[in-house]
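Summary of structural features
So you can see what is in the structure, the chains are spelled out below.
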Amino acid sequence: MGQVRWAGWTMAIATALAISGAQTVRADIASDKPASIVIYPKVAVDSVNGVDTVIRLTNVNEAAPIQVHCFYLDANSHCQGGDQDGMICTGNPRLCTQGGTCQAGWSETDFRIVMTPKQPIDWRASQGLADAGSASGPGDDNLPIASGVCVRNQFKRCGTDADCSPFPGGACTPSNAGTRIPPVPEDSFVGELKCIAIDANGDPVKQNDLKGEALVETVNLDPGTGPQDFDVASYNAIGVQGIADHPGNELTLGGDNPEYNGCPNFLILDHFFDDAIDPVPGTNDTIATNLVLVPCSEDLLRQIPGQATVQYLVYNEFEQRFSTSNTVKCFEDIQLCQIGGGQCKRSIFNVAVAGTLTGQTRLQPIGSGALPSGLLGIAVEYHTTPPTGTTTFVRSAAFNLQMSGARDNPDTITIP
Amino acid sequence: MRRQRGLVRLMGLAALVGLWVAAKPAGATSVTEQSASILMFPKVIANGSRDTVIQITNTSNNMRHAHCFYVNAALTIPNDPNVPEGPSNPPLWTETDFDIWLTKQQPTHWVVSRGRRDPAEESQSCRQTVCDPDTSGTTVANCCDSGLDPGFVPPVAPDFVGELKCIETDASGAPVGGNALKGEATLVQLDGTSDVSKYNAIGLKGFDTNDRNNVLCVGGGVSDLCPFGAEYAACPDTWILDHPVIDSHDAVVENAPCPADSTCSSTVSANLTVIPCTEDFENQAPPAIVLQFVVTNEFEQSFSASTTFQCWKSIDLNDISGGIIFTEGTLGGTVARTRMKSLLAATNTSTAFPPGTGVLPVIEETHTATVTDNTKATSVTLVTRSAQNAHSTFTDKTATDFIVIPEGQGGDQ
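None of the values given here were measured: they were computed from a predicted structure.

1. Things to note about the overall build of chain B
Across its full length, chain B holds 3 helices and 21 strands. Residues classed as buried in chain B amount to 53% of the 413 residues present. Counting contacts in chain B only where the partners sit at least 6 residues apart, residues at least 24 apart contribute 74% of the total.

2. What to know about the overall build of chain A
Across its full length, chain A holds 2 helices and 27 strands. If one aligns the C-alpha atoms of chain A with their principal axes, the spans along those axes are about 80 × 75 × 45 Å. For chain A, contacts bridging at least 24 residues in sequence account for 69% of all contacts bridging at least 6.

3. As for the sheet that holds strand 6 (residues 160-169) of chain B
Residues and elements named next belong to chain B. Read across the open sheet, the 5 strands follow the order 4-3-6-1-9; overall the sheet is antiparallel. The strands lining the two open edges of the sheet, one partner per strand, are strand 4 (94-102) and strand 9 (202-204). Taken pair by pair, the neighbouring strands of this sheet meet at an average axis angle of 25 degrees, ignoring direction. Bridge count for strand 3 (residues 64-72) against strand 6 is 8 bridges, and the pairing is antiparallel. Looking across to strand 6, one finds that His 67 is bridged to Ile 167.

4. What to know about the pairing of strand 2 (residues 50-58) of chain B
Residue and element names in this part refer to chain B. When you tally the buried positions in strand 2, you get 9 out of 9 residues, the bulk of the element. As judged from the 9 bridges shared by strand 2 and strand 7 (residues 181-189), these two strands associate in the antiparallel manner. Looking across to strand 7, one finds that Ile 54 is bridged to Ala 185. Where strand 2 meets strand 5 (residues 107-111), 5 bridges bridge the pair, whose relative direction is antiparallel. Bridged to Ile 56 within strand 5 is Thr 108.

5. Observations concerning the confidence of the model for chain A
Detail in the predicted coordinates should be disregarded across regions flagged by low pLDDT. Residue and element names in this part refer to chain A. Confidence along chain A averages 88 in pLDDT terms, with 91% of residues attaining 70 or more. Across chain A, element-level confidence peaks in strand 1 (residues 37-45) with a mean pLDDT of 98 and bottoms out in helix 1 (residues 2-21) with 50. Of the regions scoring below 50 in pLDDT, residues 15-26 engages in 21 contacts with residues more than four places distant in sequence or in other chains.

6. Observations regarding the confidence of the model for chain B
Residues and elements named next belong to chain B. Residue-level pLDDT values for chain B average 87, and 89% of them are 70 or greater. Here residues 15-26 is a poorly scored stretch, pLDDT under 50, and it has 25 contacts once near neighbours within four places are set aside; other chains count. Interface confidence for the predicted complex, given as ipTM, is 0.90, next to a pTM of 0.91.

7. As for the domain arrangement of chain B
All names here are of chain B. For chain B, the assigned domains are domain 1 (27-218) and domain 2 (238-404). The gap between the C-alpha centroids of domain 1 and domain 2 is 23 Å. On the side of domain 2, 31 residues touch domain 1, which itself brings 29 residues to the contact. When contributions to the side of domain 1 that touches domain 2 are tallied by element, the ones reaching two or more residues are strand 1 (38-46), strand 3, strand 6, strand 8 (196-200) and strand 10 (215-218).

8. Remarks on the interface of chain A and chain B
For interface size, the figure often reported is the accessible area lost on association. Each partner contributes to the interface: chain A provides 92 residues, whereas chain B provides 92 residues. Per-element tally for the side of chain A that touches chain B: the top contributor is helix 1 of chain A, with 11 residues. Here the side of chain A that touches chain B is composed, by residue class, of 43 nonpolar, 27 polar and 22 charged.

9. Observations regarding the sheet that holds strand 10 (residues 189-198) of chain A
Residues and elements named next belong to chain A. Pairing is antiparallel across the open sheet formed by 5 strands, whose spatial order is 6-3-10-1-13. The sheet is open, and its two borders are formed by strand 6 (107-115) and strand 13 (238-240), each paired with just one other strand. Within the sheet, the average angular offset between the axes of one strand and its neighbour, ignoring direction, is 25 degrees. Summarising the sheet, strand 3 (residues 66-74) and strand 10 pair through 8 bridges and their orientation is antiparallel. When the sheet's bridge partners are listed, Leu 73 is paired in strand 10 with Glu 192.

10. Focus: the nonpolar core
Core analysis: the largest hydrophobic core is formed by 206 residues, its most contacted members being A:Val68 and B:Val218. With residues up to four places along the chain from it excluded, the contact list for B:Val218 reads B:Leu204, B:Tyr232, B:Ala234, B:Cys235, B:Cys277, B:Gly356, B:Gly358, B:Thr400, B:Asp401, B:Phe402 and B:Ile403. With 5 residues, the next largest nonpolar core counts A:Cys79, A:Ile88, A:Cys89 and A:Cys96 among its residues.

11. Let's talk about the pairing of strand 18 (residues 359-373) of chain B
Residues and elements named next belong to chain B. Bridging between strand 12 (residues 262-276) and strand 18 involves 15 bridges; their strand directions are antiparallel. Residue pairing for strand 18: Pro 276 is matched across the bridge by Val 359. Looking at chain direction, strand 18 and strand 19 (residues 378-389) are connected through 12 bridges and run antiparallel. Within the sheet, the bridge partner assigned to Thr 372 lies in strand 19 and is Ser 379. Counted along the chain from strand 18 to the antiparallel partner strand 19, the turn is 4 residues long, and its residue Ala 377 has a positive phi close to 55 degrees.

12. Some thoughts on the domain arrangement of chain A
All names here are of chain A. Once the domains are mapped, chain A shows domain 1 (37-129 + 179-414) and domain 2 (130-177). The straight-line distance from the C-alpha centre of domain 1 to that of domain 2 is 36 Å. Listed by partner, the interface residues are 13 residues for domain 1 and 9 residues for domain 2. In terms of residue class, the side of domain 1 that touches domain 2 is built from 8 nonpolar, 4 polar and 1 charged.

13. Topic: the environment of A:Ala352
Among the structural elements, A:Ala352 can be located in helix 2 (residues 351-354). If near-sequence neighbours (up to four positions away) are discounted, A:Ala352 is found in contact with A:Asp275, A:Lys345, B:Cys126 and B:Arg127.

14. Some details on unusual backbone geometry
In this structure, the amide linkage connecting A:Ser165 to the following residue, A:Pro166, adopts the cis form with an omega of -5 degrees. Looking at the secondary structure, you find A:Pro166 in the loop between strand 9 (153-158) and strand 10. Omega for the bond connecting A:Asp187 with A:Ser188 falls within 30 degrees of zero, at 20 degrees, which places this linkage in the cis form. On the secondary structure map, A:Ser188 appears in the loop between strand 9 and strand 10. Unlike most non-glycine residues, A:Asp275 shows phi in positive territory, near 70 degrees. By the C-beta count within 10 Å, which is 21 here, A:Asp275 ends up buried. In this structure, B:Asp159 is a non-glycine residue whose phi angle is positive, near 60 degrees.

15. Overview of the environment of B:Val140
Residue and element names in this part refer to chain B. In this fold, Val 140 is placed in the loop between strand 5 and strand 6. Val 140 gets classed as partly exposed once you count the C-beta atoms within 10 Å, which come to 14. Separated by 22 residues in the primary sequence, Val 140 and Asp 118 place their C-alpha atoms 9.1 Å from one another.

The rules behind each value
- Here the residue numbering is sequential within each chain, running from 1 through the sequence in written order.
- Here every chain gets a letter starting at A, and every ligand a number starting at 1, in the order they are written.
- Only residues with pLDDT of at least 70 are given local features in this predicted model, and only at 80 or more are side-chain atom pairs given and counted; all residues enter the totals for whole chains, interfaces and linings.
- Helix numbering and strand numbering both begin at the N terminus, where a helix is a DSSP run of H or I of at least 4 residues and a strand a DSSP run of E of at least 2.
- Backbone-placed C-beta atoms define the burial measure: a residue is buried with 20 or more other C-beta atoms within 10 Å of its own, exposed with 12 or fewer, and partly exposed in between.
- Remark: residues whose backbone-derived C-beta atoms lie within 7 Å of one another are considered to be in contact.
- Strand pairing is assigned whenever DSSP identifies at least 2 bridges connecting the two strands.
- Only the stretch in contact is used when fitting a helix axis, every axis being a line fitted to C-alpha atoms; angles between N-to-C directions are given from 0 to 180 degrees.
- Per-residue confidence from the predictor is reported as pLDDT, which spans 0 to 100.
- Note: domain ranges come from an automatic or database domain assignment.
- Gly counts as polar in this scheme, as do all residues outside two lists: the nonpolar Ala, Val, Leu, Ile, Met, Phe, Trp, Tyr, Cys and Pro, and the charged Asp, Glu, Lys and Arg.
- In this usage, the nonpolar core is the set of buried Ala, Val, Leu, Ile, Met, Phe, Trp, Tyr and Cys residues whose C-beta atoms join them within 7 Å.

See below:
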């Protein structure tokens, strides 16, 4: 009798476990949760036009410091040959005259950050952040906690525990010692920033304690150089949560043996069609949207960017569907109506073609090229005022794309 | 025979337990980048100085319905500095509800101040005409309201400040967990600058445990009111807000070229808008929630503050706890990290449903640049705003939050 009861309970427990275990929990990339990798798809600097980007990065862990390995990825194009050889020609290929051609580029600059528990930091991409030395005090571009102090002698400054040895010994308080954030390598600069949590040996580590935001600011205060205007567009850095530690320089996102969450199968963008008039009474602005996409897979060691052929399905408010495609390699910041080539006025993303003010675009990246890749991204919506004389004002707002599903194939990030 | 029947019952019970455990994904909290079954727009303004455009999309390949609520948190006597918020001038906390339905993959939009109406004649496509914003939400709406009619969306009351909440339902109005809705809100300044601020709606994913009645169980476990446990993902236990130090300067502005014979300066501020996860639309009894803040600056120094709210609150950070903790004079530096937790206020009097303590926030920064011409003694002030969705930790609220839809408005009764 007792054996039967025991067997019955065992089978019952086993049944419960089997049913509950059958439910697979999918881990999704998110920009509203702390992560082990944070990706800032749009970092822009252009001092001539008053553009700069403020990067914020925070360690959300209450007790543990964190070390971070970051990479600026410069996606500028440069003239090759001709009389403008080496000049930045991003968005202006006609600059390359006398036989020169505008060639897309992709180069990385890496640096490390050491953050104390709970610490937020920020820096301007044009300036970076560094230890100004003992002669300088607090400042925008200086490390907040340049050095620690030995716990046993707080008059002795230190960067690591070893600095307190042999006397007075003991530990060094956490600090940002070892951090040096360079300015972006070029002005003007367009590209992304990627930061990966690492351990003391420099190996990527599962430590979901990073969160970040970026503020792309455009400012002109001098009426002599153009209309006085000031605009800030902010977005959350995209967080890739870590799942398992795996020492080595190749990070696997998604797939069968993931170390980090996988990139989405679809990106979804709700947007106004380009040239739509703002429907808010009293505005009459013209609206346009830029899509900023970066690949999930990146070989930073061999300087091979990820690539994807993107299928766009565009739905208007009549449920009518349009489609187009293009190829994204390394970085893309493109106005919607320029996707698929051709003229903006004839684009499926133009309000006069689509027929309604707003639409839904579903992006499916199909990996291609030397490094097939998924994509992540943000969108930036621009509102342009009607001209007053010859003057228009442009205000923008950035927002994160929605993500759906998980790619079958893993993405990889290879770091030096 | 009796033993076999007992064994079968035991296994059946075990199966039910397993299904209950399986139905609730581990660590399920709010989302801002995935489709969900409840969409919340914490900051909706249509008060003459700002207006809001709502965009909602059905991301599924089936028709979806939604039951939406505007919650008006404007003061009873708005815009009168002589009558501040208080017992003599409480927030309205009135709700207006409406239904929308979207065909497969259909996006829709409306301007909050105007709503959206089924025009007397079919609205013209934007292929034939250009949107005239003055016709938004009217019976003669042209291209502005072009698209498949999602249903009548009423305009909000004048001087509206509050939230919008949309709950996915089936055709009968019963709440369902289809997870097909996504949305965005665009706040537009009406001062001629067209300054815009945009954020993603906060979503709560639905589960298969929905019993389709008018009491929506957000997070938590099995109870008398929630016999199958949580029907929707829980609200997060802790929020993490990165924001500028209030009254600090904007480093980009400070380093921008300043005109000759002029002085340039800048300042930044941040506004927090928060709504409770528990909302009892039937009894109109908003719980009183205490928000606790721990603010940490770049130098790893921490300070604390708290405030209390009911129903909806939009507050500048420098107005919390006397306006000291979040400012440059206390924190120094330019950036701060704030951990925000919520709990029930001791003064809470809501008894109809045991209220949960979850909250959902949106934060908006305001950056101001001032150029003063020293020779002419004139100045120009440039203001821009930018909204962000807040980060949350992976920990859920353990107590259930409730959204109670008034009887007869939906659900299997």
